Amino acid sequence: MPSPDETIRVCIQMLQNITEDSTIPRNIRRVADETKSVLQDDSKSIGLRAATAISMIDEISNDPNMPVHARTRIWELVSQLETVPLD
C-alpha cells in the first residue's frame, strides 16, 4: 500500500490531467485546479488536505455537464483520497 504522501502525489497528477483535458467543462477544471492547490498546501495536515479535497470534488461529481470519462476519473480520485488516514 502506498504511503499517504505518495497517494497525494498521484492525486495531484490526476487532477493535473483533468485540468489539462479540454473536453471537460471549464467550471470542473477550475475546481480540479483549486483542489490541486489544497493538496499541495503543506501548512495543513495530510488528512485535512485529503478531506477538504474530497469535499470539494464531491460538489462537482454530480454536475450534469461532466463527461462520463471525467466522472470515472473523479470517482477514482476520491477512492484514492479516501485511503489517506485522517490523523
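Residues numbered from 1 in each chain as written. Predicted model: local features only at pLDDT ≥ 70, side-chain atom pairs only at ≥ 80, totals over all residues. Heavy atoms only, no water.

### Some words on the pattern of salt bridges
Next, step 1: Within this structure, the stated rule accounts for 6 salt bridges.
Next, step 2: Two residues, Glu34 and Arg30, come together in a salt bridge whose shortest N-O distance is 3.5 Å. Of this pair, Glu34 and Arg30 both sit in helix H2 (residues 26–40), 4 residues apart, roughly one helical turn. (Salt bridge = Lys/Arg side-chain N within 4 Å of Asp/Glu carboxyl O. Helix = DSSP H or I, 4+ residues; strand = E, 2+ residues; numbered from the N terminus.)

### Observations concerning the packing of helix H1 (residues 4–19) against H2
Next, step 1: For the pair H1 and H2, interaxial distance at closest approach is 9 Å and the crossing angle is 155°. Considering their axes alone, H1 and H2 lie roughly antiparallel with respect to each other. In the crossing of H1 with H2, the sense of the turn from one axis to the other is left-handed. For the pair formed by H1 and H2, the contact residues are Ile8, Cys11, Ile12, Leu15, Gln16, Ile18 and Thr19 on the first element and Arg29, Ala32, Asp33, Thr35, Lys36, Leu39 and Gln40 on the second.
Next, step 2: The residue makeup of the contact of H1 with H2, split by class, is 7 nonpolar, 4 polar and 3 charged. (Axes fitted to C-alpha atoms, helices over the stretch in contact; angles between N-to-C directions. Parallel < 35°, antiparallel > 145°, perpendicular 65-115°, else oblique. Left-handed = near helix turned anticlockwise from the far one by under 90°. Contact = heavy atoms within 4.5 Å. Nonpolar A, V, L, I, M, F, W, Y, C, P; charged D, E, K, R; others polar.)

### A few points about the nonpolar core
Next, step 1: Ile8, Leu39, Ile57, Leu77 and Leu81 are the most contacted members of the largest nonpolar core, which has 23 residues in total.
Next, step 2: Listed by contribution, the elements that provide at least two residues to this core are H1, H2, helix H3 (46–60) and helix H4 (68–81).
Next, step 3: It is H1 that contributes the most residues to this core, 6 residues altogether.
Next, step 4: Residue contacts for Leu77: discarding those within four places in its chain leaves Cys11, Met14, Leu15 and Ile57. (Core = buried A, V, L, I, M, F, W, Y, C linked by side-chain atoms within 4.5 Å. Buried < 20%, exposed > 50% of the residue type's maximum accessible area, 1.4 Å probe, protein only.)

### Description of the environment of His69
Next, step 1: Note that His69 resides in helix H4.
Next, step 2: Judged by relative accessible area, which is 36%, His69 ranks as partly exposed.
Next, step 3: Separated by 46 residues in the primary sequence, His69 and Thr23 have C-alpha atoms spaced 9.7 Å apart.
Next, step 4: With residues up to four places along the chain from it excluded, the contact list for His69 reads Asp21, Thr23 and Ile24.

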